[in-house]
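Summary of the model geometry
What follows is each chain in one-letter form.
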Number of protein chains: 2
Amino acid sequence: MRTSDIRRYHANEIFHRIRIEPQISQKEIIRRTGFDKSTVSSIVTRFDELGLVVRTPTAAGNRPGRPAEGLSISPDSGLLVGVQVESEELGFVAAGLDGRPLAHHRQSFNRKVKTLDRAVADGIAAVTAASGRTSPLLGVGISLPGLVSTEGMLVHAPILGWRDVPVLDLLSRIVSAPLYIGNDVKAAAMAEHMFGNCIDLDDFIYLFSGSGVGGALFLDGEIYLGAHGLAGELGHMKVVPQGRLCSCGAAGCLSAYLSEPALAAEVEARGGKTVRSFDTLLDRAEAGDPAVVSVFEQAGEILGAAVSNLVNIFNPPVVALGGDMARASRYLGQSLERSLGRLAHPNMAAQTRVIFSEIATDRPYLGGVALALDGVTGLDASSVIP
Amino acid sequence: MRTSDIRRYHANEIFHRIRIEPQISQKEIIRRTGFDKSTVSSIVTRFDELGLVVRTPTAAGNRPGRPAEGLSISPDSGLLVGVQVESEELGFVAAGLDGRPLAHHRQSFNRKVKTLDRAVADGIAAVTAASGRTSPLLGVGISLPGLVSTEGMLVHAPILGWRDVPVLDLLSRIVSAPLYIGNDVKAAAMAEHMFGNCIDLDDFIYLFSGSGVGGALFLDGEIYLGAHGLAGELGHMKVVPQGRLCSCGAAGCLSAYLSEPALAAEVEARGGKTVRSFDTLLDRAEAGDPAVVSVFEQAGEILGAAVSNLVNIFNPPVVALGGDMARASRYLGQSLERSLGRLAHPNMAAQTRVIFSEIATDRPYLGGVALALDGVTGLDASSVIP
DNA sequence: AGATATTTTTCTTGATCCGGGATTAATGAG
DNA sequence: CTCATTAATCCCGGATCAAGAAAAATATCT
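Small disclaimer: the values here were computed from a predicted structure and weren't measured.

Basis of the calculations
Residues numbered from 1 in each chain as written. Chains lettered and ligands numbered in written order. Predicted model: local features only at pLDDT ≥ 70, side-chain atom pairs only at ≥ 80, totals over all residues. Helix = DSSP H or I, 4+ residues; strand = E, 2+ residues; numbered from the N terminus. Rg over C-alpha atoms; globule rule 2.2 N^0.38 Å. Buried ≥ 20, exposed ≤ 12 C-beta atoms within 10 Å, placed from the backbone. Contact = placed C-beta atoms within 7 Å. Near = placed C-beta within 6 Å. Nonpolar A, V, L, I, M, F, W, Y, C, P; charged D, E, K, R; others polar. Domains from an automatic or database assignment. Expected span 1.5 Å × (residues − 1). Least-squares fit on C-alpha atoms with pLDDT ≥ 70 in both. Axes fitted to C-alpha atoms, helices over the stretch in contact; angles between N-to-C directions. Left-handed = near helix turned anticlockwise from the far one by under 90°. Core = buried A, V, L, I, M, F, W, Y, C linked by C-beta atoms within 7 Å. Pairing = 2+ DSSP bridges. Parallel < 35°, antiparallel > 145°, perpendicular 65-115°, else oblique.

1. Topic: the overall build of chain A
Per the secondary structure count, chain A includes 15 helices and 15 strands. Taking 2.2 N^0.38 as the reference for a compact globule, 386 residues should give roughly 21 Å; the C-alpha atoms of chain A span a radius of gyration of 22 Å, in line with that estimate. Dimensions of chain A along its principal axes, counting C-alpha atoms only, are 70 × 55 × 45 Å. Every one of the 386 residues in chain A was classed for burial, and the buried ones make up 48%. Residue pairs in contact within chain A that sit at least 24 positions apart in sequence constitute 62% of those at least 6 positions apart.

2. As for the protein's contact with DNA strand C
Neighbouring DNA strand C are 33 residues; Gln26, Gly65 and Arg66 of chain A together with Ser38 and Arg66 of chain B lie closest to it. Listed by contribution, the elements that provide at least two residues to the surface near DNA strand C are helix H2 (26-33) and helix H3 (37-49) of chain A together with helix H1 (3-20) and helix H3 (37-50) of chain B. Its residues assigned to classes, the surface near DNA strand C comprises 9 nonpolar, 14 polar and 10 charged.

3. Here's the deal with the domain arrangement of chain A
Here chain A is described as being made up of domain 1 (3-73), domain 2 (79-190 + 364-377) and domain 3 (199-357). Taken over C-alpha atoms, the centre of domain 1 of chain A sits 40 Å from the centre of domain 3 of chain A.

4. A look at helix H4 (residues 113-131) of chain A
Residues and elements named next belong to chain A. Taking 1.5 Å of rise per residue, the 19 residues of H4 would be expected to cover 27 Å, and the 27 Å separating its terminal C-alpha atoms lies within 8% of that figure. At its buried positions, H4 is contacted by strand S3 (79-85), strand S4 (89-96), strand S5 (101-108), strand S6 (137-144) and helix H5 (167-172). Just downstream of H4, Gly132 is the residue with a positive phi angle, here 75 degrees.

5. Digging into the relation of the copies chain B and chain A
After a rotation of 180 degrees and a shift along the axis of 0.0 Å, chain B superposes on chain A with an RMSD of 0.1 Å. The superposition of one copy onto the other is thereby described by a two-fold rotation axis. By C-alpha distance to the rotation axis, the residue of chain B lying nearest is Thr3 of chain B, at 3.3 Å. Here 100% of the interface residues in chain B have copies in chain A that are interface residues too; the copies meet face to matching face.

6. Observations concerning the interface of chain B and chain A
Each partner contributes to the interface: chain B provides 34 residues, whereas chain A provides 34 residues. When contributions to the side of chain B that touches chain A are tallied by element, the ones reaching two or more residues are H1, helix H10 (290-314) and helix H13 (346-349) of chain B. With 5 residues, H10 of chain B is the single largest residue contributor to the side of chain B that touches chain A. Across the side of chain B that touches chain A, the residue classes break down as 20 nonpolar, 11 polar and 3 charged.

7. Comments concerning the packing of helix H10 (residues 290-314) of chain A against helix H12 (residues 329-343) of chain A
All names here are of chain A. One can describe the packing of H10 onto H12 by two numbers: an axis separation of 7 Å at closest approach and a directional angle of 35 degrees. Crossing of H10 against H12: the hand is right-handed. Facing Val293, Phe296, Glu297, Ala299, Gly300, Glu301, Leu303, Gly304, Ala305, Val307 and Ser308 of H10, the residues of H12 in contact are Tyr331, Leu332, Gly333, Gln334, Ser335, Leu336, Arg338, Ser339, Leu340 and Leu343. Looking at the contact of H10 with H12 residue by residue, the class counts come to 11 nonpolar, 7 polar and 3 charged.

8. Focus on the protein's contact with DNA strand D
Near DNA strand D lie 33 residues; those nearest to it are Asp36 and Arg66 of chain A together with Gln26, Gly65 and Arg66 of chain B. Those elements giving two or more residues to the surface near DNA strand D turn out to be helix H1 (3-20) and H3 of chain A together with helix H2 (26-33) and H3 of chain B. In terms of residue class, the surface near DNA strand D is built from 9 nonpolar, 14 polar and 10 charged.

9. Quick word on the nonpolar core
In this structure, Val81, Ala191 and Val319 of chain A together with Val81, Ala191, Leu254 and Val319 of chain B are the most contacted members of the largest nonpolar core, which totals 248 residues. Leave out the neighbours within four places in its chain, and Ala191 of chain A touches Gly196, Ile359, Leu366, Gly367, Val369 and Ala370 of chain A.

10. So, the sheet that holds strand S8 (residues 154-157) of chain A
Residue and element names in this part refer to chain A. The antiparallel open sheet is built from 3 strands, whose spatial order is S7-S8-S9. The open sheet has two free edges, formed respectively by strand S7 (147-148) and strand S9 (162-165), since each of these has just one partner strand. Here S7 pairs with S8 via 2 bridges, running antiparallel. Bridge pairing in S8 places Val148 opposite Leu154.

11. Some thoughts on the sheet that holds strand S14 (residues 318-323) of chain A
Residues and elements named next belong to chain A. What the 5 strands build is an open sheet, ordered S13-S12-S11-S14-S15; its pairing is mixed. Two strands lie at the open edges of the sheet, namely strand S13 (222-223) and strand S15 (353-356), each paired on one side alone. Where strand S11 (residues 204-209) lies against S14, 6 bridges are found, and the strand directions are parallel. Looking across to S14, one finds that Tyr206 is bridged to Ala320. Sitting on the sheet, helix H6 (residues 184-194) touches S11, strand S12 (213-219), S13 and S14, and the angle it makes with S12 is about 45 degrees.

12. Side note on the packing of H1 of chain A against H2 of chain A
For any two helices packed against each other, one specifies the inter-axial angle together with the distance between the axes. Residue and element names in this part refer to chain A. H2 packs onto H1 with a crossing angle of 120 degrees between their chain directions and a minimal axis gap of 11 Å. The angle between H1 and H2 places the two elements in the oblique class. Like other packed secondary-structure pairs, H1 and H2 cross with a definite hand, here right-handed. Every residue of H2 that contacts H1 at Glu13, Ile14 and Arg17 is listed here: Ile29, Arg32 and Thr33. Among the residues making up the contact of H1 with H2, the classes are represented as 2 nonpolar, 1 polar and 3 charged.

13. Remarks on unusual backbone geometry
For Asp164 of chain A, which is not glycine, the phi dihedral falls at a positive 50 degrees. With respect to the element layout, Asp164 of chain A can be found in strand S9. For Asp164 of chain A, a count of 9 C-beta atoms within 10 Å puts it in the exposed group. Here the phi dihedral of Asn315 of chain B falls at roughly 50 degrees; this positive angle occurs in a residue that is not glycine. With respect to the secondary-structure elements, Asn315 of chain B resides in the loop between H10 and strand S14 (318-323).

14. Observations regarding the pairing of strand S10 (residues 179-183) of chain A
Residue and element names in this part refer to chain A. With 5 of 5 residues buried, S10 is to be regarded as a mostly interior element. Note that S6 and S10 share 5 bridges and pair parallel. Following the sheet pairing, Val140 is matched in S10 by Leu179.

15. With respect to the environment of Val369 of chain B
Residue and element names in this part refer to chain B. Secondary-structure assignment places Val369 in helix H15 (residues 366-377). Take Val369: there are 32 C-beta atoms within 10 Å of it, and that puts it in the buried class. Spatially, the C-alpha atom of Val369 lies 7.1 Å from that of Gly99, the residues being 270 residues apart in sequence.

So this is what it looks like as structure tokens:
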């Protein structure tokens with residue numbers, strides 16, 4: 001630990017305080033963070049010099065004394081790009097340093113490792129152009145559907161059929177901006193912390209369902225990765241003893257009840273027509289298809305078992321549910337609440353709110369932006385905030 | 001964060017490095033921690049001035065150059081006392097700053113709040129005298145069987161029948177040394193980290209059984225308490241759907257299968273004779289009583305379910321089992337392994353060792369010493385290490 | 001209108017800490 | 001006895017925080 005790490009810590013805290021609460025004053029930052037006035041002043045001055053913040057004179061509020069100045073992250077100070085790699089598409093979003101999305105872009109993807117670099121570079125160019133900004137590109141976050149090692153390697157991504165792909169290496173040859181890569185679900189959790197319903201919340205558990213089920217343990221202000229980087233892979237929590245077989249070989253995993261393929265299979269098994277995608281399921285549920293509705297209900301029940309286990313273990317202020325779950329909240333909510341009430345420790349459940357993510361559906365691809373922003377401002381960052 | 005916090009962090013790391021590896025040299029500390037030689041030298045010098053360490057000239061190992069000096073924590077530099085409050089007894093242990101136990105003492109306790117201060121003071125005096133040391137008493141750690149708030153309040157202790165007892169206040173009036181209080185299970189986990197099988201291990205999950213079942217999540221080098229301080233209360237994980245009723249009101253809790261009363265009740269229900277204590281159970285198991293053996297087997301099976309859930313969630317290097325479980329490891333081990341193999345995600349289970357605690361049975365009451373040592377050397381300490 | 005009180009921000013100064021290079025201490029080999 | 005080698009210490013430069021003084025900007029009182 002070096003003495004300059006202290007400064008970086010202070011700068012990071014102050015940056016996000018301003019980002020989260022635009023028009024905040026130095027006085028207020030001091031009150032919230034407990035930092036010394038000198039510290040705050042000197043860092044804000046530096047931010048100002050770098051063009052990171054804008055100071056807005058605020059109308060003095062009918063009381064004597066110098067009026068506080070309103071600080072906000074300058075929307076033109078820099079550009080971040082988030083990239084989401086999916087099985088058949090690449091998603092791109094450009095955002096300012098404040099995290100506000102400026103432009104979106106998506107393009108199909110052929111799932112070939114060889115073409116990844118070109119495709120990503122093209123997408124970044126396209127979304128940057130579409131943003132209409134000329135601010136420098138400060139960071140690019142790549143959100144990947146698989147296990148990512150700390151060295152920037154995509155160790156395993158079943159959906160893509162990839163193993164040990166050195167994504168960071170491949171892309172840094174063709175993208176000049178600083179690159180940050182991470183697991184998609186953990187990136188989504190970080191986005192939830194930075195931009196979503198868990199803003200400013202230091203402890204929450206994130207659960208995500210899509211073609212698989214994943215999760216993240218957001219503890220003490222950061223995502224807990226564990227000694228081997230696999231902590232928080234919540235898809236294989238056991239929820240039904242001797243239950244359905246899961247692709248992992250064990251039985252009764254959450255993933256075997258909540259993933260999109262699992263839901264589709266169950267609907268078909270109950271005599272429903274073939275399910276093409278999750279949208280199909282939602283449409284049918286909307287139309288009142290009883291098979292689909294009851295499958296969702298059962299899924300909510302089982303989801304409740306998983307959530308109650310998490311509540312009993314972590315006693316978190318919030319459990320956030322993202323991905324397909326969030327889109328189907330109408331059909332899962334009731335049975336979820338019911339099983340939660342039955343299974344969670346009453347004292348603990350009283351301290352936990354279970355919420356459905358909104359940004360996951362409203363503002364896609366922000367996971368990559370969260371990775372980039374964390375990379376640019378975070379404590380091991382080598383940039384921007386000195 | 002102040003600049004002096006850096007020094008405290010360095011000092012703390014160096015202290016424990018020396019404690020864990022006596023006769024270590026400065027060179028080796030530098031290699032292990034990555035700190036600068038100046039930093040290490042200056043802190044070791046300060047420790048020396050304070051009498052915390054002894055420098056032993058080591059025989060130069062047949063190669064040229066100045067031989068390294070061996071550093072160890074001086075056993076006479078200070079005294080720590082650990083106090084364990086149980087339902088019918090108080091346990092005391094005196095130890096040096098290196099954590100080595102010097103004397104034990106136990107006395108009966110009438111469970112009255114009023115008499116606690118006197119009883120604890122007497123016990124501390126007795127065990128200090130028995131230690132034969134005259135070193136100053138640097139800290140006292142009180143390990144309490146209940147929920148402890150950060151302000152030193154014992155919020156709720158069912159076994160004692162206490163609620164909202166300001167233990168820290170009560171005792172600080174009669175004990176002059178710095179006091180540190182904590183939950184007994186979390187203190188035991190800390191002891192496991194400082195003195196036991198999880199020494200030097202930054203991530204592990206601790207599970208404890210006794211009259212109840214508790215646990216601790218040791219993550220990234222510290223015990224995770226969560227926003228409300230209840231994280232890691234693992235006794236109410238659900239392990240059997242619609243299972244036995246637990247005292248918490250829900251059904252199928254781990255505690256309802258693994259706590260001593262639960263085991264006793266189950267043995268009696270299977271026609272066994274009345275069970276007085278856990279020792280009775282062990283004796284009968286030893287004698288081959290089939291009812292007891294099969295109850296233990298079932299408990300191991302269910303313990304395996306809980307452990308596999310923890311493995312699936314945390315992917316920890318180690319799950320440590322303490323308390324009565326550790327004493328009954330012979331009878332639980334096999335069925336535990338079996339259900340673990342069936343339920344845990346194979347990739348994750350391969351990275352996890354499940355171990356039984358040894359200090360819990362061999363060296364009792366070290367939880368309090370761990371609390372005291374952490375209080376004295378830890379990062380928010382106001383003493384010893386400047 | 002001008003002086004004064006009040007509130008917020010900035011500047012100045014002192015102490016502390018890290019970090020790299022130079023120095024000293026302690027040993028074996030020749 | 002001298003030299004090479006390795007370990008620990010010392011010295012000094014750069015950076016940081018913290019506390020108090022000063023400056024800036026406004027409302028209010030006279």
